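Now for the letters of each chain:
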Amino acid sequence: MSRICSSLREIIHFPKTQGYSTIRVPVTWFCHIIDDNYTIDPKWMTRVKQVVDWAIEDGYYVILNEHHSVRDKMHSPIEYGEGYIPRNTPADIAESERFLKAVWKQIATAFNNSYDEHLIFETMNEPRLRGQDVEWTYSSTNGKSVDCLKTLNKLNQTCVDVIRASKGNNASRFIMVPGNAATPAAVLSDEFVLPKDNKKNTGKILVSVHLYTPYSFAG
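Keep in mind that this is a model prediction, so the values were computed, not measured. (Residues numbered from 1 in each chain as written. Predicted model: local features only at pLDDT ≥ 70, side-chain atom pairs only at ≥ 80, totals over all residues. Heavy atoms only, no water.)

## As for a nonpolar patch on the surface
On the surface, Leu-194, Val-207, Val-209 and Leu-211 cluster together to form a nonpolar patch covering roughly 350 Å² of accessible area. Tracing the backbone through its elements, the reader meets Val-207 in strand 5 (residues 205-208). (Patch = residues over 30% accessible without salt bridge, like charges linked within 9 Å, V, L, I, M, F, W, Y side chains within 5 Å. Areas by Shrake-Rupley, 256 points an atom, 1.4 Å probe, with all protein chains shown as cover. Salt bridge = Lys/Arg side-chain N within 4 Å of Asp/Glu carboxyl O. Helix = DSSP H or I, 4+ residues; strand = E, 2+ residues; numbered from the N terminus.)

## Remarks on the sheet that holds strand 2 (residues 61-65)
The sheet built from five strands is open, its strands ordered 1-2-3-4-5 with parallel pairing. At either margin of the open sheet sits one strand with a lone partner, and together these are strand 1 (22-25) and strand 5. Across the sheet, the mean angle from the axis of one strand to that of its neighbour is 25°, orientation sign disregarded. (Pairing = 2+ DSSP bridges. Axes fitted to C-alpha atoms, helices over the stretch in contact; angles between N-to-C directions.)

## Regarding the pattern of salt bridges
What the rule picks out here adds up to nine salt bridges. For Arg-87, the salt bridge goes to Asp-92, with nearest N and O atoms at 2.8 Å. Both residues of the pair, Arg-87 and Asp-92, count as buried. For the salt bridge of Arg-164 with Asp-197, the shortest nitrogen-to-oxygen distance reads 2.7 Å. Taken together, the positions of Arg-164 in helix 4 (residues 143-165) and Asp-197 in the loop between helix 5 (184-187) and strand 5 put the pair 33 residues apart, joining distant regions of the chain. For Arg-164, a relative accessible area of 7% translates into the label buried. Counted as one network, the salt bridges with shared partners bring together Asp-72, Arg-128, Arg-130 and Glu-135. (Buried < 20%, exposed > 50% of the residue type's maximum accessible area, 1.4 Å probe, protein only.)

## Some words on the packing of aromatic side chains
In the structure shown here, the tally under the stated rule is four aromatic pairs. Ring plane angle 50° and centroid distance 5.2 Å describe the contact between Phe-111 and Tyr-115, whose orientation is recorded as tilted. For the pair formed by Phe-111 and Tyr-115, the shared burial category is buried. Positioned above the aromatic ring of Phe-121, the side-chain terminus of Arg-173 is 5.3 Å from the ring centre. (Phe/Tyr/Trp six-rings, centres within 6.5 Å; stacked < 30°, edge-to-face > 60°. Lys NZ or Arg CZ within 6 Å of the ring centre and 35° of its normal.)

Here it is, written out as structure tokens:
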């Protein structure tokens, strides 16, 4: 185990020696829920903290997120503990909100006053309508696409509210929010709404965008 940890720490450290100052730590949480209350396995939380701490000690800005909870073989509507999905149906929205509230409350509690502005939260990674023709795109003329973004506006606000409610350093921590599949087109559209933040915060909500163009090369 120590050999594996040492190797991972070396991987984290190497980009810093090449001049990089920011590192993203993508974390999947749904598969580490251990009971009926969305409780995250303490061993998993400890491991995530270890990795984040290594990066902080190396002097990085660290982006910590909720990653890959939209995936294949999810129920419709989604069931307890499956994660979230930005489908504009009452059952899907309700379960997505329960999941995100519970997960982010625990993350915000674990990563609060011991972490300064070098830690940044990202609400979701590439949230999308899994299996739909608009999964990886955004169009303001497509009803499914627009409904997905409007649902994401609500879910992003839910995450921001939970993080801010934990107070301490999280009351003013930078938070990143995506649109459909983190595409530029979604967040540049009129339908995208930046979450409301505490009045004393200015510019603490960041927009998360991914662009792999051309995909045949960048992907």
